[in-house]
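# Architecture at a glance
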Amino acid sequence: MSNVQIMTGNQAAAIGAKLSNVQVVAAYPITPQSQLAEIISQYIEGGELKAEYVRVEGEHSALTVCISASTVGARVFTATSANGLLYMHEQLHWAAGSRLPIVMCCVNRGVGAPWTIFNDQQDSISQRDTGWIQIYCRNNQEILDTIIQSYRIAEEVYAPVMVCYDGFVLSHTMMPVDIPDPEKVREFLPPYQAHTILSPEDPRTLNAVLFPWRRANSEGVICDGYMEMRYKLQAALESSPAVIGETNRRFAEVFGRDHGGLSWGYRTEDAELIMTGMGSVASEAMQAADILRDEGIKAGVVGVRVFRPFPAKDLKEAFRGAKGIVIFEKGISYGYEGALCSDLKAAFYGSENQAPVHNYIAGLGGRDVKARELADAARASWMEMQKGIVEKPTTWLNCYTG
Amino acid sequence: MPENLFKINAKEYILPGTRACQGCGLSLAYRYALKALRENTIVTLPACCLCVLHGIYPSTPVMIPALNNSFASTAASASGLVAGLQALNRTDTTVVAIAGDGGTFDMGIQALSGAAERGTDFIYVCYDNEGYMNTGTQRSSATPLGALTTTTPIATKQQHKKDFLKIMEAHDIAYLATASPSYPIDLYDKFVKAKKIKGTRYIHLYIPCPPGWAYPPKDTVKMGRLAVETGIAPLFEVENGRFRFTGRSKSIAERGNRLPVINYLEKQGRFKKMNIEQLHQVQHWVDGKWQEYQRRSQE
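All values reported here derive from a predicted model rather than from experimental measurement.

## Examining the domain arrangement of chain A
Residue and element names in this part refer to chain A.
- For chain A, the assigned domains are domain 1 (4-188) and domain 2 (263-396).
- Here the C-alpha centre of domain 2 lies 27 Å away from the C-alpha centre of domain 1.
- Counting residues at the interface gives 24 residues for domain 1, matched by 19 residues for domain 2.
- Breaking the side of domain 1 that touches domain 2 down by element, the ones donating at least two residues are helix 6 (122-125), strand 6 (133-136) and strand 7 (161-166).
- The class makeup of the residues in the side of domain 1 that touches domain 2 is 12 nonpolar, eight polar and four charged.

Spelled out as structure tokens, the structure:
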């Protein structure tokens, strides 16, 4: 029996956290995340969710509460946006370095200065190198489902997961969402069993200072140094694509919805021009592909669902056959180009896929991007590519650049 | 309550050979604090001298579970431990956050204020050695007027110490106390008492620091005593808003034999550049605080 209700992305996220039976929640309000924090407060105060809610005085503390609560063995949840995420930056590294299975929603918003409350993805893109798994959602159903999946992934690989979805575009937009059966979720996601917890029964000093080299313990056993511990975080993230893929497959089996694991495709079978992006902009590109197909251009879309670990192998396969690639990004690595663009080009290094890649920066600070405009940009690039224009400076879409 | 040292818990929770400096006042205080807190305790601490005392991985001399966290987050970390233990129905464990004056007066004040306002059920311990000693004696807002530090190297610190006890009292917390490693029974009693109380408890430790204060390591206990005897570091507790002098400070208040601050200041190299005007300012400041405490103790 399906239980479809109309709801915002923030409501879907709150239900996802509730169904995951989170035990400790800590959050600090920030637009456009606030509604999510409010709904979870209602669940907890109303007795629908048995959890501790710590109403912290800032985002740095929000993630710290999650880190410490996770250290004693609780399943934890938090959410933030934009400058809130930037304020957490130190603790993002701390959470990943501590190898804790924390799940956090990033309701994507542009960062200051100057202030904007509207959507882009500069906030989470800027946290790319903190050791978190990053998953970008394209609709509200995917938000709910991804949170449940993320706990399973995080608790298997011992790395934190950031579930990213676009502010307002998803967070405040009503869509039909099928709410999974709580019993089935419990089966899919059993209670968290930590392999190590901080406890008086087994006293340890966690996250102690390390010397640059490896050192013996009191029994003479050589133990990891800083570099070995950091390598293990990298190894965990490198091994996680298989876990993410398997979790997605298993989820599809149980709940009948397949969100694509590491990436998803739309009309890619015979596509020569492939558009790509993350989150709602990639979703919008599907309509652009339809427009271009109507014009006779064999266009398709590959949506990058997981940005870290970067699914290079998967994407090489997904883009096989592409004769031109157009990337739309809601963020940029200032002084160079879009981060996804750099990563994707690097993934093709030395492979047979040497299709031209054009990069568009779009929708910063909530600037509207219509499917028609994406189609126009992709068509222009496609014509340039036919003329042999392989390299092209990063283009700022819908932006007056003088 | 132990009337003498022999009634203190004989079990040791810190093995000999820590990485703390010779004559470290914190080592002494921490030893007695843990004796009072006993096994069922979890400690959380930021990057600080205590982090060094806890040793280099994979060995630690401390037999109480401890979590290292980042500098600004000590009290938030305690909030997380409390929430996590509550969620898992393990509420009999005492959560203790310990940070230095830099991690408390300066960088950690937001998280601590938040945790105290929420009435978080934990003990926060500030070990105040009056500067960033772990990084090499830089000025903090706990550094007293007239002290040389590596970031006030010529002119000395120009401001009085922040009255952090007033800030903590303003949060209407369940229990607040000051203690000194030079008076271990008083210190021990306060930790035993704090352990039994629910809600936010704050214990302020005045910690003499041989390298930071520039005095011989053998004089740590003497320096702690002089701090108390001059009224610079009064020993007291505040419960339900009621102020009470304890230990040595109680007898000084009764007998009126408080020593002049010069007796304390002249024994530390950090005050060697202090001028006579600054000396008067410090004496005046200490007198004012003492009178305020004395008035409150008679209420």
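Structure's up, so let's keep going.
## Focus on the packing of helix 10 (residues 280-294) of chain A against helix 13 (residues 371-386) of chain A
All names here are of chain A.
- For the pair helix 10 and helix 13, interaxial distance at closest approach is 8 Å and the crossing angle is 60 degrees. For the element pair helix 10 / helix 13, the angle class is oblique. As for the relative orientation of helix 10 and helix 13, their crossing is right-handed in sense. Across from E284, A285, Q287, A288, I291 and L292 in helix 10, the residues of helix 13 making contact are A371, R372, L374, A375, A378 and R379.
- Along the lines of polarity and charge, the residues of the contact of helix 10 with helix 13 split into eight nonpolar, one polar and three charged.

## Side note on the sheet that holds strand 2 (residues 24-26) of chain A
All names here are of chain A.
- Strands sit in the order 3-2-4-5-7-6-15 across an open sheet of seven strands; the sheet is mixed. Each edge of the sheet is formed by a strand with only one pairing partner; in this case those strands are strand 3 (52-54) and strand 15 (306-308). Direction aside, the axes of adjacent strands within the sheet are offset by 20 degrees on average.
- Relative to strand 4 (residues 76-80), strand 2 is paired through two bridges, and the arrangement is parallel. In the strand pairing of strand 4, V25 is matched with F77.
- The strands that helix 7 (residues 140-157) touches are strand 5 (103-108), strand 6 and strand 7; relative to strand 7, the one it contacts most, it runs at about 165 degrees.

## Overview of the interface of chain A and chain B
- Taken residue by residue, the interface counts 40 residues in chain A and 41 residues in chain B.
- Broken down by element, the side of chain A that touches chain B gets its largest block of residues, nine residues, from helix 3 (residues 59-71) of chain A.
- The class makeup of the residues in the side of chain A that touches chain B is 20 nonpolar, 14 polar and six charged.
- Strand direction decides the pairing type here: strand 9 (residues 205-206) of chain A and strand 2 (residues 66-68) of chain B, joined by two bridges, are parallel. Counted as the bridge partner of T205(A) is A66(B) from strand 2 of chain B.

## Things to note about unusual backbone geometry
Residue and element names in this part refer to chain A.
- Omega for the peptide link from T31 to P32 comes to 0 degrees, which places this bond in the cis form.
- With respect to the helices and strands, P32 occurs in the loop between strand 2 and helix 2 (34-45).
- Cis peptide bonds are those with omega within 30 degrees of zero, and the linkage from A113 to P114 qualifies with -10 degrees.
- Note on placement: P114 falls in the loop between strand 5 and helix 6.
- Although it is not a glycine, N21 sits at a positive phi angle of roughly 50 degrees.
- With 18 C-beta atoms counted inside 10 Å, the residue N21 sits in the partly exposed group.
- Positive phi, normally seen in glycine, also occurs at N398, with a value near 55 degrees.
- Locating N398 in the fold gives a position in the segment after strand 18 (395-396).
- Since 15 C-beta atoms lie within 10 Å of it, N398 is described here as partly exposed.

## Some points on helix 3 (residues 74-87) of chain B
- For helix 3 of chain B, spanning 14 residues, the distance from its first C-alpha to its last is 20 Å, which sits close to the expected 20 Å at 1.5 Å a residue.
- At the C-terminal side of helix 3 of chain B, N89(B) shows a positive phi close to 55 degrees.

## Comments concerning the pairing of strand 14 (residues 299-304) of chain A
All names here are of chain A.
- With six of its six residues buried, strand 14 lies for the most part within the structure.
- Here strand 14 shows two buried faces, one formed by A299, V301 and G303 and the other by G300, V302 and V304.
- Note: strand 12 (residues 263-266) against strand 14, four bridges, orientation antiparallel. In the sheet register, S263 faces strand 14, and the bridge partner there is V304.
- Relative to strand 14, strand 13 (residues 273-277) runs parallel, the two being bridged by five bridges. If you follow G277 over to strand 14, its bridge partner there is G303.
- Taken together, strand 13, helix 10 and strand 14 constitute a β-α-β crossover, and its handedness is right-handed.

## A word on helix 2 of chain A
Residue and element names in this part refer to chain A.
- Over its 12 residues, helix 2 runs 17 Å from end to end, which matches the ideal 16 Å to within 8%, given 1.5 Å per residue.
- Of the residues making up helix 2, those classed as buried are Q35, L36, A37, I39 and I40.
- Here the buried face of helix 2 lies against helix 1 (9-19), strand 2, strand 3, strand 4 and strand 5.
- Of the residues one or two after helix 2, G47 is the one with positive phi, at around 85 degrees.

The rules behind the values
- Residues numbered from 1 in each chain as written.
- Chains lettered and ligands numbered in written order.
- Predicted model: local features only at pLDDT ≥ 70, side-chain atom pairs only at ≥ 80, totals over all residues.
- Domains from an automatic or database assignment.
- Contact = placed C-beta atoms within 7 Å.
- Helix = DSSP H or I, 4+ residues; strand = E, 2+ residues; numbered from the N terminus.
- Nonpolar A, V, L, I, M, F, W, Y, C, P; charged D, E, K, R; others polar.
- Axes fitted to C-alpha atoms, helices over the stretch in contact; angles between N-to-C directions.
- Parallel < 35°, antiparallel > 145°, perpendicular 65-115°, else oblique.
- Left-handed = near helix turned anticlockwise from the far one by under 90°.
- Pairing = 2+ DSSP bridges.
- Buried ≥ 20, exposed ≤ 12 C-beta atoms within 10 Å, placed from the backbone.
- Expected span 1.5 Å × (residues − 1).
- Right-handed = clockwise from strand over helix to strand, strands pointing away.

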